[in-house]
Amino acid sequence: MSGGNYRTWWAKRWPRTLEPLGLSYPDNRIVRARTLLRGGALDDLIVEPGELTAWVDLPGRTFGVTVRVAVLDEPQWTLAEQALAGRVSCLADLLDDRLPEDVDRLLDPVGLALFPRDGELTTECPCPSKSPVCVHVIAVQHGFAARFDDDPFLLPLLRGRERRALLAGVRSAMSASEFPAPAPPLGVAVASLPPDGFYAVEGARETLAAWGR
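Cut-offs used in this document
Residues numbered from 1 in each chain as written. Predicted model: local features only at pLDDT ≥ 70, side-chain atom pairs only at ≥ 80, totals over all residues. Heavy atoms only, no water. Helix = DSSP H or I, 4+ residues; strand = E, 2+ residues; numbered from the N terminus. Buried < 20%, exposed > 50% of the residue type's maximum accessible area, 1.4 Å probe, protein only. Polar contact = N/O pair within 3.5 Å; in protein donor to acceptor, adjacent residues only side chain to side chain. Expected span 1.5 Å × (residues − 1). Pairing = 2+ DSSP bridges. Axes fitted to C-alpha atoms, helices over the stretch in contact; angles between N-to-C directions. Contact = heavy atoms within 4.5 Å. Core = buried A, V, L, I, M, F, W, Y, C linked by side-chain atoms within 4.5 Å. Arc of directions from axis to C-beta.

A. Expanded view of the side chain of Arg161. Among the structural elements, Arg161 can be located in the loop between helix H7 (154–158) and helix H8 (163–178). Residue classification places Arg161 among the buried residues on the basis of a relative accessible area of 10%. Only 2.9 Å separates the side chain of Arg161 from the side chain of Glu81, close enough to count as a polar contact.

So, in structure tokens, the structure goes:
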């Protein structure tokens, strides 16, 4: 896995998710992390809802690193899919395996974001460093970015929605907005009332009286 030569805007943005935890620029840890990646030190990178894990192999020692990200629940994903469905080009981008560049701006009105916000990402590494942004965590983040470069649906997966479900949800939300459910009829259908219940309907007597005039 390469260490930073990413093609897509989403892969280039991903390592910046460590900034709220203390990553700054320039930072020698980034150079060291990229060196680890180029040397093949990252093994078994696994992406699952809520976390990504990997092993970072060093001479004489291996560290298991975990990066946790808050998962969106079902009501939140429904809101997110409705927000994305509000712009037709979003579905076209997703079907073409692209993340819309303004994805988080589209989600902001419903209080959500695809890229983790402050407090939504935490890290864990057993190395002696007391920083949540140790060189091993940075290496894992850049390793994820390299895979993310080729598969933008890894981020929705990390947030709790796999590709098929996300596309189906956006399509469903688009269909619902194009063909809304019919409004309930005003009043009560006469044929649906029993004979002894007709006059119990508010306004029934007045309506009959008006017809007879």
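B. Broad picture of helix H3 (residues 74–85). Counted at 1.5 Å a residue, the expected span for H3 with its 12 residues is 16 Å, and the 16 Å between its end C-alpha atoms agrees. Among all positions in H3, only Trp77, Ala80, Glu81, Ala83, Leu84 and Ala85 are buried. For H3, the side-chain oxygen to backbone nitrogen distance between the N-cap and Gln76 is 2.9 Å, and the N-cap itself is Asp73.

C. The sheet that holds strand E3 (residues 61–69), seen in detail. Taken together, the four strands give an open sheet; going across it, the order is E1-E2-E3-E4, and neighbouring strands pair in antiparallel fashion. Each having just a single partner strand, strand E1 (42–48) and strand E4 (121–124) make up the two edges of the open sheet. Each strand axis lies, on average, 15 degrees off the axis of its neighbour in the sheet, ignoring direction. Taken together, the five bridges between E1 and strand E2 (residues 51–58) define a ladder with antiparallel strand orientation. What sits directly across from Glu48, in E2, is Glu51. Sheet strands in contact with helix H6 (residues 135–150) are E1, E2, E3 and E4, and its direction is about 65 degrees off that of E1.

D. Region of the structure containing the nonpolar core. Membership of the largest hydrophobic core comes to 60 residues, with the highest contact counts inside it found for Trp14, Val140, Phe144 and Phe148. It is H6 that provides the largest number of residues to this core, a total of nine residues. Sequence-distant contacts of Val140, defined by excluding residues within four places in its chain, comprise Leu42, Leu45, Leu52, Ala54, Val56, Val65 and Val67.

E. The arrangement of unusual backbone geometry in detail. Positive phi outside glycine occurs at Asp44, with the angle close to 55 degrees. One can find Asp44 in strand E1. On the accessibility criterion, Asp44 (55% relative accessible area) is exposed. Phi at Asp97 is positive, roughly 60 degrees, even though this residue is not glycine.

F. Representation of helix H2 (residues 28–38) within the structure. Regarding H2, the residues found buried are Arg29, Ile30, Ala33, Leu36 and Leu37. Mapping the buried residues of H2 onto a view down its axis gives an arc of 120 degrees, with all of them on the same face. The exposed residues of H2 that point more than 90 degrees off its buried face are Asn28 and Arg38. As for H2, its buried residues are in contact with E1, E2 and H6. The first or second residue beyond H2 is Gly40, which carries a positive phi of 75 degrees.

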